[in-house]
Amino acid sequence: MKRAEVYIHIPFCVKKCDYCDFLSFSMNEEARKEYLGMLLSEIRTCAWATEGIFVPTIFIGGGTPSLLSGVEIAEILEAVRDTFEVAEDAEITIEANPGTVTYEKLLAYRQAGINRISFGLQSAQEKELQLLGRIHTYEEFLKSYRMAREAGFTNINVDLMNGLPGQSLESYQDTLLKVCALAPEHISAYSLMIEEETPFYERYAEDEKKRAKGEKPQMLPSEEEERAMDAMTQRILEEAGYERYEISNYAKPGYACKHNLGYWTRENYIGFGLGAASLFDNVRYTNKDSLWLYMHGENRKTAEVIDEQGQMEEFMFLGLRKTKGVSKKCFKNTFQCSMEEVYGEVLKALEEKALICQEQDWVRLTPRGRDVSNVVLAEFLIS
Ligand code: SF4
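What counts, and at which threshold
- Residues numbered from 1 in each chain as written.
- Predicted model: local features only at pLDDT ≥ 70, side-chain atom pairs only at ≥ 80, totals over all residues.
- Heavy atoms only, no water.
- Helix = DSSP H or I, 4+ residues; strand = E, 2+ residues; numbered from the N terminus.
- Rg over C-alpha atoms; globule rule 2.2 N^0.38 Å.
- Buried < 20%, exposed > 50% of the residue type's maximum accessible area, 1.4 Å probe, protein only.
- Areas by Shrake-Rupley, 256 points an atom, 1.4 Å probe, with all protein chains shown as cover.
- Lys, Arg positive; Asp, Glu negative; His and termini not counted.
- Charge placed at Lys NZ, Arg CZ, Asp CG, Glu CD.
- Pairing = 2+ DSSP bridges.
- Domains from an automatic or database assignment.
- Buried area = accessible area lost by both parts, 1.4 Å probe.
- Salt bridge = Lys/Arg side-chain N within 4 Å of Asp/Glu carboxyl O.
- Polar contact = N/O pair within 3.5 Å; in protein donor to acceptor, adjacent residues only side chain to side chain.
- Nonpolar A, V, L, I, M, F, W, Y, C, P; charged D, E, K, R; others polar.
- Core = buried A, V, L, I, M, F, W, Y, C linked by side-chain atoms within 4.5 Å.
- Contact = heavy atoms within 4.5 Å.
- Phe/Tyr/Trp six-rings, centres within 6.5 Å; stacked < 30°, edge-to-face > 60°.
- Lys NZ or Arg CZ within 6 Å of the ring centre and 35° of its normal.
- Near = heavy atom within 4 Å.

Some words on the overall build of the protein
Okay, so step 1: Counting its secondary structure elements, the protein contains 15 helices and 16 strands.
Okay, so step 2: Relative to its length of 383 residues, the protein is compact, with a C-alpha radius of gyration of 21 Å against a globular reference of 21 Å.
Okay, so step 3: Its C-alpha atoms put the protein at 55 × 50 × 40 Å along the principal axes.
Okay, so step 4: Each of the 383 residues in the protein was classed as buried or not, and the buried ones make up 54%.
Okay, so step 5: With an accessible surface of roughly 17800 Å², the protein has 51% of that area assigned to carbon and sulfur atoms.
Okay, so step 6: In the protein, 44 positive and 62 negative side-chain charges are present, and the distance between their average locations comes to 2 Å.

Here it is as structure tokens:
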């Protein structure tokens, strides 16, 4: 039986955060109900299901999936279980925005089978939260977090951001220490990206350009400060018992996110909902991102066959995101040729610059390589 992870996209948010370019927007109650109807029908009519698919993980992301009631989440999971063979011990995650959950709702999520919750906190500083345009305060996060524990969640992630305008090493350290004191099982710490067509782009694009040129930005932390924040994240979280298992992800032993590990090892995944992507037998399918089309059932996926070269590239640049790196044996088993035959020159050059290291079967980024990971990973594009 084939395996595939399942991703469900819920594109509603209370309001758009100022830095966000995800596929999400505010939607009234009626439109939300209509969307859910289309989503359930998309899941139940999934063409791959006839092959019999074993599902090890489900991730309900967004947007703000925690705007959905317990009953609605139960309906979605029921549709997934009716369509696929979901593992009894499947990791089932929901993303939640602090302030959008109640104890009763969290209890209903648990009863529906959700066993992992991911809170988008971003910062413990009120000023920074306001500047990001988040809808919640730190106090509201604390309340939501405690309610999740009381409702029985034993696997909680907290999302944090660094490199924020006006953020200092001191304020970021305070955020890290406050979150560590709560002892969530998993922490994701991302760097802010200034994306086009967001209010942040209008405010900070010039500053971003300065920073890229090595000049001192006015509002954004400098490159050195960003690196110092990254180093501080690793130091504080490792001291608190977390392992950095991917560039931006830290977990207590046994709590690495199985769903995301599947993306980095190129497992099959099936995405449902507006704009959702799937990877199945090396073909990437993408749902249209027009809400109007989705609501009218005209949601044909576009398909892109990933040839062997593309598969090798993804194997390398996704796999090298993991601290463990990539296995040469696994590369050979997958592609029937050695990693050296394809990437010998690249590996040699990057190793000479101390950006990667090779130990027995494994190739991984060095700490220096991780600092400039975008540049290093781009080296594995073949053409
Ligand atoms: S809550 Fe998340 S998805 Fe929604 S607008 Fe904010 S960053 Fe974007």
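Structural notes on the sheet that holds strand β15 (residues 356–359)
By way of backbone hydrogen bonds, the strands of a sheet pair with one another, either parallel or antiparallel.
Okay, so step 1: In spatial order, the strands read β14-β16-β15; together these three strands make up an open sheet with antiparallel pairing. Two strands in the sheet have a free side with no partner beyond their single neighbour: β14 (326–327) and β15.
Okay, so step 2: Bridge count between β14 and strand β16 (residues 362–365): two bridges; the pairing is antiparallel. Bridging from a neighbouring strand, V326 pairs with V363 of β16.

A few points about the domain arrangement of the protein
Okay, so step 1: Partitioning the protein into structural domains gives domain 1 (5–264) and domain 2 (308–383).
Okay, so step 2: Measuring from the centre of the C-alpha atoms in domain 1 to the corresponding centre in domain 2 gives 28 Å.
Okay, so step 3: Taking both sides of the interface into account, the surface hidden between domain 1 and domain 2 amounts to around 940 Å²; carbon and sulfur atoms contribute 51%.
Okay, so step 4: The interface formed by domain 1 and domain 2 contains one salt bridge.
Okay, so step 5: Close ionic contact of R321 with E246 constitutes a salt bridge, the shortest N to O distance being 2.5 Å.
Okay, so step 6: In this assembly, domain 1 and domain 2 are joined by six residue pairs in polar contact (both at pLDDT 80 or more).
Okay, so step 7: Those elements that provide at least two residues to the side of domain 1 that touches domain 2 are α8 (223–239), β8 (243–246) and α9 (258–264).
Okay, so step 8: Partitioned by chemical class, the residues of the side of domain 1 that touches domain 2 number five nonpolar, two polar and four charged.

Brief notes about the pairing of β8
Two faces, one strand: in a regular strand the side chains alternate between the faces of the sheet.
Okay, so step 1: Pairing of β8 with strand β9 (residues 249–251) involves three bridges; the strand directions are antiparallel. Directly across from E243, in β9, lies its bridge partner A251.
Okay, so step 2: As consecutive antiparallel partners, β8 and β9 are separated by two residues.

Considering the nonpolar core
Okay, so step 1: Ranked by internal contacts, the top residues of the largest apolar core, which has 73 residues, are I8, L39, I58 and F84.
Okay, so step 2: Here L39 is in contact with I8, I10, I76, F272, G273 and Y294, once residues within four sequence places are set aside.
Okay, so step 3: Formed by 21 residues, the second largest nonpolar core is a distinct cluster that contains L320, V346, L365 and V376.

Topic: the environment of I247
Okay, so step 1: Its location among the elements puts I247 in the loop between β8 and β9.
Okay, so step 2: Using a relative accessible area of 11% as the deciding quantity, one classes I247 as buried.
Okay, so step 3: Measuring from C-alpha to C-alpha, the distance between I247 and E95 comes to 20 Å, with 152 residues separating the pair along the chain.
Okay, so step 4: Those residues in contact with I247 that sit more than four places away from it in its chain are R321, L365, R370 and S373.

Regarding the pattern of salt bridges
Okay, so step 1: Per the stated rule, a full pass over the model turns up 21 salt bridges.
Okay, so step 2: In this structure, the salt-bridge partner of E72 is K33, at a minimum N-O distance of 3.5 Å. Of this pair, E72 sits in helix α2 (residues 70–83) while K33 sits in helix α1 (residues 29–44), placing them 39 residues apart in sequence.
Okay, so step 3: By relative accessible area, which is 12% here, E72 ends up buried.
Okay, so step 4: On the accessibility criterion, K33 (48% relative accessible area) is partly exposed.
Okay, so step 5: When the shortest N-O distance is used, the salt bridge between D174 and K178 registers 2.8 Å. Residue D174 and its partner K178 are located together in helix α6 (residues 169–182), separated by four residues, close to a single helical turn.
Okay, so step 6: Each of E29, R32, K33 and E72 takes part in a single network of salt bridges with overlapping partners.

Structural notes on the packing of aromatic side chains
Okay, so step 1: Here the structure, examined in full by the defined rule, presents 19 aromatic pairs.
Okay, so step 2: Ring geometry for F141 and Y145: centres 5.8 Å apart, planes at 45 degrees, overall tilted. Remark: Y145 and F141 occur in helix α5 (residues 138–150); sequence separation between them is four residues, near one turn of the helix. Each of the two residues, F141 as well as Y145, counts as buried.
Okay, so step 3: Considering the side-chain rings of F331 and Y343, the 6.4 Å spacing of their centres and the 70 degrees angle between planes classify their relative orientation as edge-to-face. Pair noted here: F331 is in helix α12 (residues 328–335) and Y343 is in helix α13 (residues 339–352), with a separation of twelve residues, a long-range link.
Okay, so step 4: Sitting above the plane of the F153 ring, R110 keeps its charged end 5.5 Å from the centroid.

A word on the site of the ligand
Okay, so step 1: Close contacts around the ligand come from C13, K15, K16, C17, Y19, C20, F22, S24, G63, T64, N97 and R134, and that covers them all.
Okay, so step 2: Here the residues of the shell around the ligand are counted per class, giving five nonpolar, four polar and three charged.

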